[in-house]
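Structural overview
Next come the chains, spelled out residue by residue.
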Amino acid sequence: MYNNSMKLLFLSSLMMGTILSISSNAWLGIWMGLEINLLSIIPLLTNNKNMMINESSIKYFIIQVMPSTMLLISILLIQMKYMIWWEKENIPSMMIMSSMMMKMGAAPFHFWLPEVMGSTSWMNCLILLTWQKIAPMMTLSYCIKMSSFTFTVILLGIIIGAMGGLNQTSLRQIMAYSSISHLGWMISSMVISENSWELYLCIYFLLNIAVIMMFSSMKLFSLNQAYLSGNPSMEIKFLMMLSLLSLGGLPPMLGFLPKWIVIQSLIDNNMTTIMFLMVTFTTITLNYYMRISFSAIILSHTEKSWLMGIKINKSKMIPSMMTTISMLGLICTSSLMLFY
């Protein structure tokens, strides 16, 4: 009871910090919101029964202090109006962008994300992949514009997200590299339109919730568990495969819709080079999604016959419903677009 009340307290302050950050009209208010958010998530990441989780929370704290300090220095530089050459070189803007990318784990400041996610629980992973990205993404949208720095960050995000996940066996680290790849897409859509990246973020949140809830309910943490899962239900494995392919952006799943919008926007703005590179490297990410999902289906013959009588847990029904939404989402939205 005590632990639940403490978690509720820190979750509410976590949400309050994010809301303060995204609703503030001053840089100092944004910084304060991010600090409240940081101090609230550290107790959620700790666990007295598991020292590895405590180690990941310490890593997270040390890493997150660095972008907070960088943001504060950038705010001071912006306030020092007499340093005109800083403004011409866009140094404060680049420092703010770098600090926000480090906070949310975008490449090339991504090194902490797979390490922290690799040794924490699925629910903490869900918070890190969803809620913890809202405030940094909003702050980044205030000062981002297309430049060689932004171009490099977008390409690095998609390349590292594609290559980093190929040799991973931990599902949590695969989800971390998937997040790095998706952040590259979100940053590219942020340059073009505010509505497109917000839509991308919402759909990404929905798909992450579906996949992580399914992994959490089945207690899957590594690839060999996905291959030889004790869960006998082929339907559950099929729904897991659909969720992963939707997260990878395979048409006609819902996950392809935001990518479709971003591709169309990039073509309309004559940014075909970056669009071609993004699509090319994103197809590599589908490789490790398909490796998990198809292997779980194909290797079903290794399951023991005495497991066939186990009933499906009711806790898997919610992820199953969300998977159905992700599967039918693009078909429904495409149908609606035909009418308008």
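Numbering of residues begins from 1 in every chain and follows the order in which that chain's sequence is written. Totals for whole chains, interfaces and linings use all residues, but because this is a predicted model, local features are given only for residues with pLDDT of at least 70 and pairs of side-chain atoms are given and counted only at 80 or more. Excluding hydrogens and water, the side-chain figures rest on all heavy atoms present in the structure.

1. Here we look at the layout of surface pockets
To locate leftover empty space, one rolls a probe as large as a water molecule over the atoms. The criterion, for reference: Grid spacing is 1 Å over the protein atoms alone, the probe is 1.4 Å, and a cavity is where that probe fits but cannot get out, while a pocket is an open set with protein on both sides within 12 Å along at least five of seven lines and lining residues have an atom within 4 Å of a point. Grid points are joined across faces, edges and corners, and a volume is the space filled by probe spheres set on the points. Numbering of helices and strands runs from the N terminus, with a helix taken as a DSSP run of H or I at least four residues long and a strand as a DSSP run of E at least two residues long. Asp, Glu, Lys and Arg are counted as charged, while Ala, Val, Leu, Ile, Met, Phe, Trp, Tyr, Cys and Pro are counted as nonpolar; the rest, among them Gly, fall into the polar class.
Its boundaries defined by the atoms lining it, the largest pocket holds a volume of some 630 Å³. As for the largest pocket, its lining consists of 18 residues, and the residues nearest its centre are Lys7, Pro43, Leu44, Thr46 and Asn47. Elements with a minimum of two residues in the lining of the largest pocket: helix 1 (2-23), helix 2 (27-45) and helix 7 (122-129). If one sorts the elements of the lining of the largest pocket by residue count, helix 1 sits on top with five residues. Looking at side-chain class alone, the lining of the largest pocket contains ten nonpolar, six polar and two charged residues.

2. Description of unusual backbone geometry
Look at the link from Ala107 to Pro108: it is a cis peptide, with omega at 5°. Tracing the sequence through the fold places Pro108 in the loop between helix 5 (91-104) and helix 6 (112-117). Although it is not a glycine, Lys219 sits at a positive phi angle of roughly 55°. Mapped onto the elements, Lys219 comes out in the loop between helix 11 (194-218) and helix 12 (223-227).

3. A short note on the pattern of salt bridges
To keep things clear, this is the line we draw: Here a salt bridge means any side-chain nitrogen of Lys or Arg lying within 4 Å of a carboxyl oxygen belonging to Asp or Glu. When accessible area is computed with a 1.4 Å probe and restricted to protein chains, residues below 20% of their type maximum are described as buried, those above 50% as exposed, and intermediate ones as partly exposed.
Counted according to the given criterion, the structure contains two salt bridges. As a salt-bridge pair, Lys59 and Glu55 come within 3.5 Å of each other at their nearest N and O atoms. Linking Lys59 with Glu55, this pair stays in helix 3 (residues 51-79), spanning four residues, or about one helical turn. By relative accessible area, Lys59 is classed as partly exposed at 30%. The salt bridge partner of Lys59 is Glu115, with a shortest N-O separation of 3.7 Å. Here Lys59, found in helix 3, pairs with Glu115, found in helix 6; they are 56 residues apart in sequence, far enough to count as distant.

4. Concerning the nonpolar core
Note the cut-off: Here, nonpolar core means buried Ala, Val, Leu, Ile, Met, Phe, Trp, Tyr and Cys residues that are tied together by side-chain atoms lying within 4.5 Å of each other.
If you look at the biggest cluster of nonpolar residues, it comprises 84 residues, and the most contacted ones within it are Tyr60, Met101, Leu140, Met175, Ile187 and Phe215. With twelve residues, the top contributor of residues to this core is helix 11.

5. Overview of helix 14 (residues 256-268)
Note the threshold: For a helix, the expected span equals 1.5 Å multiplied by the number of residues minus one.
Compared with the 18 Å implied by 1.5 Å per residue over 13 residues, the 18 Å span of helix 14 between its first and last C-alpha is a close match. Residues of helix 14 that are buried: Leu257, Pro258, Lys259, Val262, Ile263, Ser265 and Leu266. Just downstream of helix 14 lies Asn270, where phi reads positive at about 60°.

Read these as layout, nothing more, since geometry by itself doesn't imply function.
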